[in-house]
Amino acid sequence: QVQLVESGGGLVQPGGSLRLSCAASGSFSSIDSMGWYRQAPGKQRELVARITSGGSTNYADSVKGRFTISRDNAKNTVYLQMNSLKPEDTAVYYCHALYYSGRYRDSWGQGTQVTVSS
């Protein structure tokens, strides 16, 4: 199984930046893709960004041009650089991984709070 540990959340002013990190550990052969989702109060959980082991990325329209996802395959770690943050980015951010361990499985992190407020 894979355990995902997130870090980097916190409080930031509008226009500021944060970088989230998610490190995967456990027993697996490979992680095919990792990504970030978020859930704001009263909203459904939504995809923010994903990246494959080959480096292909996709982003939600609401964050495109402001957020950048990257991945260190050797460390099994994914990052989310968040710039030009807006109050509407406030949410709990969850790391997600799709990986192979005998068969394909997926895991979720515990979530980290990001609050954008003046």
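Right above here is the structure, for reference.
These lines cover the structure that appears in this document, whether it is placed above or below.

Reading the values: rules and limits
- Here the residue index of a chain counts from 1 through its sequence in written order.
- Note on the predicted model: pLDDT of at least 70 is required for a residue's local features to be given, and 80 or more for side-chain atom pairs to be given and counted; whole-chain, interface and lining totals, by contrast, use all residues.
- The side-chain figures draw on all heavy atoms in the structure; neither hydrogens nor water molecules are used.
- By convention in these notes, a salt bridge is any Lys or Arg side-chain nitrogen within 4 Å of a carboxyl oxygen on Asp or Glu.
- Buried means the residue's accessible area, taken with a 1.4 Å probe over protein chains only, is under 20% of the maximum for its type, while exposed means over 50%, and partly exposed covers the values in between.
- Helix numbers and strand numbers start at the N terminus; a helix is a DSSP run of H or I with at least 4 residues, a strand a run of E with at least 2.
- Joining through side-chain atoms within 4.5 Å is the link that ties buried Ala, Val, Leu, Ile, Met, Phe, Trp, Tyr and Cys residues into a set, and such a set is a nonpolar core.
- Note on contacts: a residue pair is in contact if any heavy atoms of the two residues lie within 4.5 Å.
- Each pair of strands is called paired provided DSSP finds at least two bridges between the two strands.

It is possible for side chains bearing opposite charge to pair when their charged atoms get close. Summed over the entire model, instances satisfying the criterion amount to three salt bridges. Here E46 ties to R38 by a salt bridge, and the two come within 2.8 Å at their closest N and O atoms. A relative accessible area of 33% places E46 in the partly exposed class. Overall, R38 belongs to the buried group, its relative accessible area being 5%. The partner of D89 in a salt bridge is R38, with the nearest N and O atoms 3.0 Å apart. On the criterion of sequence distance, the pair formed by D89 in the loop between β8 (77–82) and β9 (91–100) and R38 in strand β4 (residues 30–39) is long-range, its members being 51 residues apart. R38 carries the same exposure label as D89, and that label is buried. Where salt bridges share partners, they join R38, E46, R66 and D89 into one cluster.

M34, W36, L80, M82 and Y93 are the most contacted members of the largest nonpolar core, which has 28 residues in total. Where this core is concerned, the elements lending two or more residues are β1 (2–7), β3 (18–26), β4, β5 (46–52), β7 (67–72), β8, β9 and β11 (112–116). For this core, the element with the highest residue contribution is β9, accounting for five residues. Beyond its immediate chain neighbours, meaning those up to four positions away, L80 contacts L18, R19, L20, W36, V48, A49, F67, T68, I69 and Y93.

A separate point is the pairing of strand β10 (residues 104–108). Pairing of β9 with β10, which is carried by five bridges, proceeds in the antiparallel orientation. Bridging from a neighbouring strand, Y99 pairs with R105 of β10. Between β9 and β10, which pair antiparallel one after the other, the connecting turn spans three residues, and G102 there sits at a positive phi close to 85°.

Mapped onto the fold, K75 is located in the loop between β7 and β8. Taking relative accessible area as the criterion, K75 reaches 56% and is therefore assigned exposed.

The next point concerns the pairing of β3. When β1 meets β3, the two strands line up antiparallel, connected through six bridges. Note on β3: the bridge partner recorded for V5 is A23. Summarising the sheet, β3 and β8 pair through six bridges and their orientation is antiparallel. When the bridges of β8 are listed, S21 appears paired with Y79.

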